[in-house]
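Fold and geometry: a report
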Amino acid sequence: MIIRLEPRGEPPRWLSPLLTIAAVIVALLVGAVVLAFVGGDPVKAYLHIVKAAFGDVGVLSDTLVKATPLILTGLACALAFRMRLWNIGAEGQFLLGAWGASAVVLFPLLPAGTPSFVVIPVMMVAGALAGALWGVIPGVLRARLGVNEIITTLMLNYVALAWIQFWVFGPWSEGGFQQTAPFPKEAWLPRLTDFAKTVPAFSGLTTHLGLVFALVAAAALSIAVSRTRWGYEMRLIGDNARAARYAGIDIARYVIVVFAISGALAGLAGMSEVGGVVHRLQDRISPGYGFTAIIIAYLARLGPWRVVLASILFGALILAGREIQPSGVPAMIQGVILFCLIAAEALVRYRIVIGRRAPSAA
Amino acid sequence: MTSAPIDQATIPLAIEAVGIIKSFPGVLANDHVDFDVRAGEIHALLGENGAGKSTLMNVLAGLYQPDSGHVRVDGRDVAFRSPRDAIAAGIGMVHQHFTLVPSQTVAENVLLGLDRPRFRLDLRQTEKEVGHLAAEIGLRVDPGARVWQLSVGEQQRVEIIKMLFHGARVLILDEPTAVLAPQEIADLFATLRSMVAAGRSVVFISHKLGEVLAIADRLTVMRGGRVTAAGIDPRSVTRADLARLMVGRPVLEALQRTAVEPGRVVLSVEGVSADNDRGLPALRDASLQVRAGEIVGIAAVAGNGQSELAQVITGLRTCTGRVVVDGRDIAAQPARQAIDSGVAHVPEDRAGVGSAPNLSLVDNLILRRFRHPPVARGAFFDTRAARAKADELRGAYAISAPTIDAPARILSGGNLQRLILAREIDSAPTLLVAVQPTRGLDVGAIEGVHQLLLDLRAKGTAVLLISEELDELLALADRILVMYEGQVAAEFPAPSSADVDAIGLHMTGGEGAA
Amino acid sequence: MIDLTLILAAGVASGTILLFAAVGEIFAERAGVLNLGVEGMMLIGAVAAFSVTAATGNPWLGVVVAMIAGGLLSLVHAAITIQFRADQVISGLALTFLGSGLARVLGDGLSKAGQISTLPRFTVPLLGDIPVLGAILFRDQSLMTYVGFVLVPLAWYWIERTRPGLNLRAVGERPAAADAQGIDVVRLRYLYVLVGGLLAGLAGATITIAISPGWFGDQTVAGRGWIAVGLVIFAQWSPIRAAIGAYLFGAIFRFIIDIQGVKTILGAENPFQAGRSATFFLEMLPYLFVVIVVIIGSREALRRRVGAPAALGIPYVRGERGA
C-alpha cells in the first residue's frame, strides 16, 4: 500500500476555506490532547478561553485591544508575503515603532504640555518611520545585494530588543526599573471609556484609537491590492518575478518600498501599543506579536479583511491563554495551527490517493 | 546503414513492449502500444509532439510504470520499478532535457547512479576510464570539466558516454538533434553507426522526416498515443506517406506570404557586448539591423549568444554598445524602456518568463498594457476594462480555456503561446522579438504561429525571429543571419534551401566559410 | 585582564554548539531542503538533554534522547515539505514555533541551573602540550568539542569524496538527474533532513549538558539556531568554512561575557561593565555580525556565481522537466 498525492485540476472554491477551518479545529484538538497529557482539563480550558475572550462586552473589548497590534503586524506580514518577501522581522519593527513613539514623549521631541491632537500624530509618524527604517534595512540588502531577508529580519529582531533594553534600563529607566516613566495624558490614545460621560455604556471599555488605525490600514490595503495598478504589479511579482521583470516592473524598488510599508505598519502597531495600552515603554512590551503575525497572515491567506478576523481569534487565544499552564501551550498551539494550515493547503492542491501501484509521474 | 540482414526473423529482439497503456490525468498517452527493437539496429520512433513517443520511451527506461502491458528484454519479462532497474537491464535513455548535474564534473556525472565504487570515489581513475571510452566511440570530451562549462552538444556526448559507462546496450535518444547544428548531427550519426556496428541498439526519437530516413534501419510511427506504422523499412515508404502516418492529414505549409518592401530601419544593434548568466562573454561586439516589414532570422547553435541578443534588445540584460529602436538608444535600460519604445517580445521560456502561471488569463493578457488606459485609470486598475480586453483577445486568437479567470498554468503549450502572441501582437509593436516561437508545438499550432508572424510583417512590423529550426527560418525569413560565438558570422540576404550546408558550416564556425 | 588564549579556547567550546547545528543544516540544504526550524529543534534537544540528565543522572542518555527529539521534529518538516510539497520557509517557521512551544511545555518547572552531571571534559595528551594551539584546542575541553573536531573533516569527506556524498549533491542540485539515475530523491531528502535534526538536537544537548549547563527557557538557545542558518550562507555550504565561522562566533560570544568583567580599557573606564546599560550594545554584536557575515556570503555568491544548491527550497515532483 502506498499513499501518494495527485494534483487536483481546479480545486472547488469552497474547499480552501473549509480546510482552513478544519485546520484550526484539528490544531485545537491537538492542543487539547497536549493539555490533557500535561494534566490540564482541555474542555475547561477552551470554555474558559471562549468566556474570557467573548463572554461579555468588557472582555470582548479586551480581546479587540489584543487584536489591534496583531491586525497591524499581520497586515505587515501579509503585505510582504504577497511578494514572497519573508519579513520575519515584524517583531523588531514593532519594537522600533514603540521606541520611536516613546522618543517623542521621552526625549522629549515636543515640549511638555503640547496638546493631544499634535502629540498623537507626531507619535504616529515617529513610530511608523522608525518601523519603516527597521524594515528598509533588510529590504535594501535584499534588493541591492541579494541578501536573504529571512536571516536579516530575524537578526534585527534581536538587535531591536537589545536597543529597547538599553533605553529602558539606561537613559529612560524610571528609578532603575526596567521601564520608563508613564507618558503624560496627552500621549494617550483615546479609549472608549474616555467617552463614558456621553455614552455611559462605554464605561470601562479599553478599546482605543489604535483599532481605528488598524481597520483603516486594512481597508487601504484591501483597496490597494484589488483595485490599483500597484496591487496588480505586486500580484505579478509575487507569482513570477521573472515575468514581472519582463513586464517592465522595477522589482528592486518594489522590494524596498514594500519592506518600508511593512515596517511602517508594524511600527504603527508598536506606537499603538505604547500609546493605547501600556502608556510607557518597557522591554517586555510584546508577547511575540510579530511572530504570531506570521501565522495570522498565513491563516488569512494574505487577505487584509481576513487578517482582521484571524487577529481577533488570536487576540482571544493570547488574552485567555495567559492563564493556561504551562505557559508554552498557546505558543505550541500556534505552531500546530500553522502546520495544520500547511497540510490543509497541500490538500487543496493535491488529493491523497491510497493505492497499491507504485507512484508514477504526474 | 548496416548491411541488409538476410533473414530478419533470426535477429534477436533486444527489447519488446507489448500492449502498453499509460494514462495521465485527462490524457491517454499510450493506448495499446506495441514496439520492438532488434539487436544491432537503429530504430527510429517518429511522431508529432504529444504523440506519446516520450511516454513510451520513459516506460522502457523505467521512469514511468505502465498502467498495463509488459516489457521484455532479451526475451524475458521485466518490470522496471525505477530507471536503475532499466539501466541494470542494459537500457539507457538520453532525455531531451539532459539529466546532468551542472555543478559536478563529467566524471562525477558518469559515476552518478553506479554501484561501484561503493563508497570512496577515485575521480582520477574514473576520468581516465571515461577518456578511454570516449575515444573508443569517437567522442571528444574533457572528463575533468564541470558540466555547466560545456556546450549543449558536449553535454549530449556526456549523456551518451554516461549511459555506455553504465553498461547500456540499448540507447534511447529523445530528439537528440534538436539542439545540434547540421555538422554536429553528422558527427552524432557517425557515433551512432559505430555503436550499432559493435552490436548495440539505438532508439532514435524524432519528428523530423529527413533525419529519420537518413539514419534509421527501421521505423515506427505514432500518432495520438497509438502506433500507426510498426517497424517498417524506411526504403519502402515515401516522405508523404510518413507525413500522413504522423499527422493524419496531408501537411500543407501554404503560407500567405505577400511581397513587402522593407521600410525604415527599426532596430539597429551596434557593437553590443554582454555576458551570460555565468558571467562569461556571450555577445562580442555584435551588430545587426532589422527594417520595418522584414523578418530577419537568426540561426545559431544553442549557446552562441542568440538568447542574450534577444534579452539585450528587450531590456532584460545589461550590455555595452548601442541598441537603437526607432532612433532611441535603449541599451542597458530597464525593460520598461523597450516596452515604451514599441518592442514586443515572445520569450524563449514561455512559462518561466512569458507568463505568471497562477494568475488568471485576464492578468496574463494585460501583462504589458496595464499601464495604459483603459486598463489603468490613474493609479487605479479597471478590472472591467481588463476583462473586456481579455475576452476580446481570447476570441480573436482562439485561446482555448474554460474561462478568462482560469490560471495560465492550465493552458497547453500551444494555447499559452497563442496567449503570449495575442498579447504581444495586440500591442501593435514596431518590433517583435520572437525566440523559438514554435518549439514544442504541434503541426497545426506551428502553422498558426507562422501565419501570425507573416501577418505582422505585412502590417509593417519589424520581426527578429530566433529559431533552432532551420526549416522555419527558411520558410519565413527575408534575411538569415548566422550567429557564432556572440557575433554575426554570416548573412544570407535571400535564403533558400540550397543555403543549408553553408548556413550549417557558419553555425559551427567552420573554417573557410567566411 | 582578558586572556586571548582563554577567550579563543572558550570560543571553540561555545562555537561547537553552532558548529553542530550549522553542519546539520548544511546536510539538509545540500539535499535541497531548507529547514528554518533549527532554533526549535535545538530547544527541544536542549530541554530533552537537560531533563533526561537531571532525572537519570546519565548525560549519555541525555545526548541520545536529545538527538532523537531533534530528529523526530525534523521528520515533521520532512513529511510536510517532501511529501506534501509545502513551502519550506513557512514549514520551517512552524517548526520553530512548535519546537519552542513544546520545549517550554516540557521545560516547565525544571530547575534553572542547579547541579547537573555533564559530559566529561579532558585534556588530550601530547596535543594539549602544543604551545598556544594546544591551549586553545586541546586543553580541558568538553568531549563535545573534540566530537566537533572530528565531525568537520568527516562531513567534508562524506560530501565531496564519497558516493553517498555524490548522490547527496546530485539530489540537491538536480533532483531530476538523480532520479533518472535511480537515486531515490525522496528517501535521501528524508535522510538528510533527519541528519540535520539529529545534529540540531545534539547542538541543543551540547548547550545544556556540556558547554553552558542549565535550562533557561527560550533564552537557553537565544537565537543560536538562526545564527547557524545564517552561518550556512556565509559558509557557502562547506562544513570547513562553517567551522571557521562557528568558532569565530563562539569567540565573540565569549568576548562579550569576558569584557563585562574588565574595569578599565586602555586606562579609560570600561563602559561595558556588567550591570551597565551599555552592555546591551554588546548583546547586539553577534546578531549584527550575522548580518555582516551573510552580506559577505551573498556578495561572494554573486561574484563567483556559485551559491546555494540549485534545487534548494524546491519540492521535487517527478515528471516535471528541468526540475
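Residues numbered from 1 in each chain as written. Chains lettered and ligands numbered in written order. Predicted model: local features only at pLDDT ≥ 70, side-chain atom pairs only at ≥ 80, totals over all residues.

**Overview of the overall build of chain C**
In terms of regular secondary structure, chain C is built from twelve helices and four strands. Relative to a compact globule of 323 residues, whose C-alpha radius of gyration would be 20 Å, chain C shows 20 Å and is just as compact. Expressed as a percentage of the 323 residues in chain C, the buried residues total 55%. Within chain C, counting contacts between residues at least 6 apart in sequence, those at least 24 apart form 78% of the total. (Helix = DSSP H or I, 4+ residues; strand = E, 2+ residues; numbered from the N terminus. Rg over C-alpha atoms; globule rule 2.2 N^0.38 Å. Buried ≥ 20, exposed ≤ 12 C-beta atoms within 10 Å, placed from the backbone. Contact = placed C-beta atoms within 7 Å.)

**A look at the interface of chain A and chain C**
Listed as interface residues are 40 residues of chain A and, on the opposing side, 42 residues of chain C. When contributions to the side of chain A that touches chain C are tallied by element, the ones reaching two or more residues are α5 (116-145), α6 (149-169), α11 (289-299) and α13 (328-349) of chain A. For the side of chain A that touches chain C, the leading source of residues is α13 of chain A, giving 13 residues. A per-class count over the side of chain A that touches chain C returns 30 nonpolar, nine polar and one charged. (Nonpolar A, V, L, I, M, F, W, Y, C, P; charged D, E, K, R; others polar.)

**Points about the pairing of strand β4 (residues 68-73) of chain B**
All names here are of chain B. Bridging between strand β1 (residues 13-24) and β4 involves five bridges; their strand directions are antiparallel. Counted as the bridge partner of Val-18 is His-70 from β4. Pairing analysis gives three bridges linking β4 to strand β5 (residues 76-78), with the strands arranged antiparallel. Residue Val-73 lies in a different strand from β5, and its bridge partner there is Arg-76. (Pairing = 2+ DSSP bridges.)

**Focus on the interface of chain C and chain B**
Taken together, the contacts link 18 residues of chain C with 24 residues of chain B. Within the residue set of the side of chain C that touches chain B, elements represented by two or more residues are α7 (163-173) and α8 (175-180) of chain C. No other element matches the five residues that α7 of chain C contributes to the side of chain C that touches chain B. In terms of residue class, the side of chain C that touches chain B is made up of seven nonpolar, four polar and seven charged.

**Here we look at the pairing of strand β9 (residues 218-223) of chain B**
Residue and element names in this part refer to chain B. Taking burial as the measure, the six residues of β9 include five buried ones, the bulk of the element. Pairing between strand β3 (residues 42-46) and β9: four bridges, direction parallel. Across the sheet, His-43 pairs through a bridge with Arg-218, a residue of β9. When β9 meets strand β10 (residues 226-232), the two strands line up antiparallel, connected through four bridges. Of the residues in β10, the one forming a bridge with Met-222 is Val-227.

**Quick word on the confidence of the model for chain C**
Averaged over chain C, the pLDDT score is 88; the fraction of residues at 70 or greater is 95%. Across the assembled chains, the prediction reports ipTM 0.87 with pTM 0.86. (pLDDT = per-residue confidence, 0-100.)

**Describing the sheet that holds β10 of chain B**
Residue and element names in this part refer to chain B. The mixed open sheet is built from six strands, whose spatial order is β6-β7-β8-β3-β9-β10. Taken across any chain shown, the strands that pair with only one partner, and hence form the sheet edges, are β6 (91-94) and β10. The sheet shows a mean angle of 15 degrees between the axes of neighbouring strands, taken without regard to direction. Contacts from helix α5 (residues 152-165) reach β6 and β7 (170-174) within the one sheet, and its direction differs from that of β6 by about 170 degrees. Most of the contacts of helix α6 (residues 182-197) go to strand β8 (residues 201-206), to which it runs at about 145 degrees, and overall it touches β3, β7 and β8. (Axes fitted to C-alpha atoms, helices over the stretch in contact; angles between N-to-C directions.)

**Structural notes on the sheet that holds strand β11 (residues 265-275) of chain B**
Residue and element names in this part refer to chain B. Overall, antiparallel pairing links the four strands, which are arranged β12-β11-β14-β15 in an open sheet. What marks the edges here is a single partner per strand, and that holds for β12 (281-291) and β15 (328-329). Of the pairings in the sheet, the one linking strand β14 (residues 320-325) to β15 comprises two bridges and is antiparallel in character. Paired with Val-324 across the bridge in β15 is Asp-329.

**Notes on unusual backbone geometry**
Residue Pro-108 of chain A is reached from Phe-107 of chain A by a cis peptide bond, and omega for that bond is -15 degrees. Looking at the secondary structure, you find Pro-108 of chain A in the loop between α4 (90-106) and α5. Between Pro-373 of chain B and the following residue, Pro-374 of chain B, the backbone shows a cis peptide bond with an omega angle of 5 degrees. On the secondary structure map, Pro-374 of chain B appears in the loop between α11 (361-365) and β17 (376-377). Even without glycine at this site, His-279 of chain A takes up a positive phi of about 60 degrees. Among the secondary structure elements, His-279 of chain A is positioned in the loop between α10 (251-278) and α11. Even without being a glycine, Asp-326 of chain B presents a positive backbone phi close to 50 degrees. The topology assignment puts Asp-326 of chain B in the loop between β14 and β15. Assessed through the 17 C-beta atoms surrounding it within 10 Å, Asp-326 of chain B is described here as partly exposed.

**So, the packing of helix α1 (residues 4-30) of chain C against helix α9 (residues 185-211) of chain C**
All names here are of chain C. It is at 7 Å that the axes of α1 and α9 come closest, and there the two elements cross at 170 degrees. By the criterion of interaxial angle, the relationship of α1 to α9 is roughly antiparallel. Between α1 and α9, the residues in contact are Ala-13, Ser-14, Thr-16, Ile-17, Phe-20, Ala-21, Val-23, Gly-24, Glu-25, Phe-27, Ala-28 and Arg-30 and Tyr-192, Val-193, Val-195, Gly-196, Leu-198, Leu-199, Ala-200, Leu-202, Ala-203, Thr-206, Ile-207 and Ile-211, respectively. (Parallel < 35°, antiparallel > 145°, perpendicular 65-115°, else oblique.)

**Quick look at the confidence of the model for chain B**
When pLDDT is averaged across chain B, the result is 86; 95% of the residues are at 70 or more. In this model, residues 1-6 of chain B is a region of pLDDT below 50 whose contacts with residues beyond four sequence positions or in other chains number five contacts.

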